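Okay, here's what each chain looks like letter by letter:
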Amino acid sequence: MLFTGIMREVRGDVTFVPGFMQRGEAWQPVAAKLAERYRSTCLDFATWTFEERIAEMPSGGAVVGYSMGGRIALHAAVREPDRYTGLVLVGVSAGVADREERLRADGALADWMEQRTIDEVVERWESQPVFATQSAELRAQQRPGRLSHDPRLLAKLLRSAGQGAIEPVWDRLHTLRCPVLLIAGEQDGHYAQAASLMAERIPDARVRIVPGAGHAPQLEQPALVAELLDEHLGDRGVVDREP
């Protein structure tokens with residue numbers, strides 16, 4: 001785990017969970033803005049399967065997860081509805097309808113990854129349309145974390161935790177007992193729609209759309225996302241915070 005710098009005693013535990021091909025440090029721009037009010041931890045996974053990563057998730061406090069990391073957090077929460085005091089999901093869906101097609105596509109990508117260098121894998125990953133709203137500078141900032149991975153381990157994770165590999169949980173969203181904040185970028189239409197549909201099934205949920213942002217609003221607009229998190233975590237009493 002990577003801890004943000006904390007200058008004084010704070011209250012309330014918040015764990016930030018990275019997405020696929022990220023390290024925990026990818027959350028630092030947001031976590032650092034909250035570190036004076038919350039005990040902020042950026043989780044750096046040490047394992048490479050879905051079930052192992054579920055086991056690595058913390059118990060208690062609030063969790064903020066992005067993309068694959070958010071799906072892992074969501075599955076941990078529906079398995080144990082009292083596990084967290086609050087949940088924030090960024091760019092997350094409760095499951096895809098075309099699981100078989102997605103499973104085949106992820107399997108083919110995993111096969112390709114195993115035969116390539118990490119530079120080739122990262123180049124292909126960054127060229128996806130889902131990241132088109134990110135500037136060249138932002139992609140360059142994220143690249144060292146991506147390049148630190150082993151392609152074979154990334155392939156293993158994709159086969160285990162890709163959207164085609166895991167069961168949808170749409171029919172279990174009603175069991176969530178903690179307040180849930182669903183964040184999506186305005187330009188990320190698929191996940192913005194998914195956030196709205198999930199909110200209809202979660203007892204205590206609200207949706208926030210980040211103007212102008214794509215799939216990773218926490219990277220494109222970290223200050224605004226930090227404000228949304230502070231509002232959700234503190235103003236609603238999800239975790240205690242320093243005034």
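In this text the structure is predicted, and so the values were computed from the model without any measurement.

**Student:** What is the right way to look at the layout of surface pockets in this model?
**Tutor:** Empty space among the atoms can be located by rolling a probe the size of a water molecule over them. Within this model, the largest pocket holds a volume of roughly 540 Å³. Forming the walls of the largest pocket are 25 residues, and the residues nearest its centre are Arg102, Trp125, Gln128, Gln163 and Tyr191. Secondary-structure elements contributing two or more residues to the lining of the largest pocket are helix H3 (68-79), helix H4 (99-114), helix H5 (118-126) and helix H8 (189-199). Partitioned by chemical class, the residues of the lining of the largest pocket number 12 nonpolar, eight polar and five charged.

**Student:** Help me understand the packing of H4 against H5, please; the structure alone is not making it clear to me.
**Tutor:** The angle between the axes and the distance between the axes are what describe a pair of packed helices. Close contact between H4 and H5 brings their axes to 9 Å; oriented N to C, the two are set at 145 degrees. Counted together, Leu109, Trp112 and Met113 of H4 and Glu120, Val121, Arg124 and Trp125 of H5 form the full contact between these two elements. Its residues assigned to classes, the contact of H4 with H5 shows five nonpolar, no polar and two charged.

**Student:** How do you make sense of the environment of Thr85 when you look at a structure like this?
**Tutor:** With respect to the secondary-structure elements, Thr85 resides in the loop between H3 and strand E5 (86-90). Classification of Thr85 by relative accessible area gives partly exposed; the value is 35%. In this structure, the C-alpha to C-alpha distance between Thr85 and Leu233, residues 148 residues apart in sequence, is 9.2 Å.

About the cut-offs
- Residues numbered from 1 in each chain as written.
- Predicted model: local features only at pLDDT ≥ 70, side-chain atom pairs only at ≥ 80, totals over all residues.
- Heavy atoms only, no water.
- 1 Å grid on protein atoms, 1.4 Å probe; cavity = no way out; pocket = protein on both sides within 12 Å on 5 of 7 lines; lining within 4 Å.
- Points joined across faces, edges and corners; volume = space filled by probe spheres on them.
- Helix = DSSP H or I, 4+ residues; strand = E, 2+ residues; numbered from the N terminus.
- Nonpolar A, V, L, I, M, F, W, Y, C, P; charged D, E, K, R; others polar.
- Axes fitted to C-alpha atoms, helices over the stretch in contact; angles between N-to-C directions.
- Contact = heavy atoms within 4.5 Å.
- Buried < 20%, exposed > 50% of the residue type's maximum accessible area, 1.4 Å probe, protein only.

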